[in-house]
Amino acid sequence: MKRATFEDLLAGKRQLDYRQQYAYITGLLEAGRIRPLKASGKNGKKPALYREYWLVEEKEDISPLLEELRYRLVPSISIDYYLAHPEVYGQERFWVLLLDAWLREKKDGYLYPESVNERSFEIWGREKFLTKEQGKKILKHCGISMEELGIYETTEPLSYYAHTRTVPQNLLILENKDTFYSMRLHLLNGQERIFGMPVCTLIYGAGKGILRSFQDFDLCVEPYMTDKRNRIWYFGDLDYEGIGIWEKLSELCQPRREIHPFCPAYAAMLQKAGRIKLLPTTKEQQNRNIGDGFFRFFPKDTVEQMKQILEKDTYIPQEILNITDFGGI
């Protein structure tokens, strides 16, 4: 609240005598428009008045907002939160009414799925509205879910090289960019096999990025890649993170697809690592919580080698292999 002196309240009323001034101030007090600041002390006159007062802000009439909430919004917008917090509705009303108008328009029509940014611009004229905290908060206050808006999330498109599009075929997912380019060059040079296995399509996984991309696998790849007869393989670094990516990817794709580790490539990594005196050290922040699912695809002696490397807090990067190694079996 703001403070005002006795003189401030009488601005423009100096022509009144003290009795009239007293009546005016008393009227403001009775109307609840001011409150005395007792610490300021009285003015020493009779009848006495305080020297300073608090100005009481007038409460805004919110009845029009409450009426709008109760009777004018579409039923799909929940009004419970706003009825309990009408001041918030006053702040968010502009955006809520835009949502209300869009819902009215789409009520009887087919709702075509759109991306988050596309739908956001369609409703609010701001393509990033739903990706920011304000948009998410308003949607929550309205009790509207993303699904009700017909929204789908967009992911980074898969980068892949199709050597041939025949089906069935082997598709190989590679964790790192260097190995993707080297194996692509290997196939472009006229080779059809990598470590003895015919490979027709290489997919660049971009580390953990493959997990998001594969959620929309059927939407963002060519039809031949989704053929159920195809087999999908994965090859990444031999470390906790690389194995963890395979675990999450395998879980993500079940039960529709099964993704196998590309065993010949891992065997080639181990063989070549045997000639290296000191392997690189595993990064401390890596999640070491992995299961045994990855290891069930390998012979027992290979599994022992892999676990020894991991338990020593070392790892083998994919880049240990290069184009001169891919022709091996």
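Residues numbered from 1 in each chain as written. Predicted model: local features only at pLDDT ≥ 70, side-chain atom pairs only at ≥ 80, totals over all residues. Heavy atoms only, no water.

**Student:** Let's hear about the sheet that holds strand β10 (residues 201–204): which residues, and what values?
**Tutor:** What the five strands build is an open sheet, ordered β6-β10-β7-β11-β12; its pairing is mixed. Strands with a single pairing partner mark the edges of an open sheet, and in this sheet they are β6 (159–162) and β12 (259–261). When strand polarity is set aside, the average angle formed by the axes of neighbouring strands in this sheet is 25°. With four bridges joining them, β6 and β10 adopt antiparallel strand pairing. Bridge pairing links tyrosine 161 to leucine 202 in β10. (Pairing = 2+ DSSP bridges. Helix = DSSP H or I, 4+ residues; strand = E, 2+ residues; numbered from the N terminus. Axes fitted to C-alpha atoms, helices over the stretch in contact; angles between N-to-C directions.)

**Student:** Quick one: what's the story with unusual backbone geometry, residue by residue and with numbers?
**Tutor:** The omega angle of the peptide bond from lysine 46 to proline 47 is -10°, so this bond is cis rather than trans. Tracing the sequence through the fold places proline 47 in the loop between β2 (34–36) and β3 (52–55). Of the consecutive residues valine 167 and proline 168, the connecting peptide bond is found in the cis state with omega at -5°. Mapped onto the elements, proline 168 comes out in the loop between β6 and β7 (170–174). Positive phi values are uncommon outside glycine, yet alanine 206 reaches one of about 55°. Among the secondary structure elements, alanine 206 is positioned in the loop between β10 and α9 (209–213). Accessibility expressed as a relative area gives 38% for alanine 206, which makes it partly exposed. Residue aspartate 313 is not a glycine yet carries a positive backbone phi of 60°. (Buried < 20%, exposed > 50% of the residue type's maximum accessible area, 1.4 Å probe, protein only.)

**Student:** Would you mind going over the pattern of salt bridges in detail, with residue names and values included?
**Tutor:** On inspection of all chains with the given rule, the structure shows eleven salt bridges. Ionic pairing is found between arginine 119 and glutamate 122, a salt bridge with its closest N-O pair at 3.1 Å. Of this pair, arginine 119 and glutamate 122 both sit in helix α6 (residues 116–124), separated by three residues, roughly a single helical turn. The exposure class of glutamate 122 is partly exposed, given its relative accessible area of 32%. When the shortest N-O distance is used, the salt bridge between arginine 296 and glutamate 258 registers 3.9 Å. Here glutamate 258 lies in the loop between α11 (240–253) and β12 and arginine 296 lies in the loop between α12 (263–273) and α13 (300–311), a separation of 38 residues in the sequence. When its relative accessible area of 43% is taken as the criterion, glutamate 258 is described as partly exposed. When salt bridges with common partners are traced through the structure, they connect Glu114, Arg119 and Glu122 into a single cluster. (Salt bridge = Lys/Arg side-chain N within 4 Å of Asp/Glu carboxyl O.)

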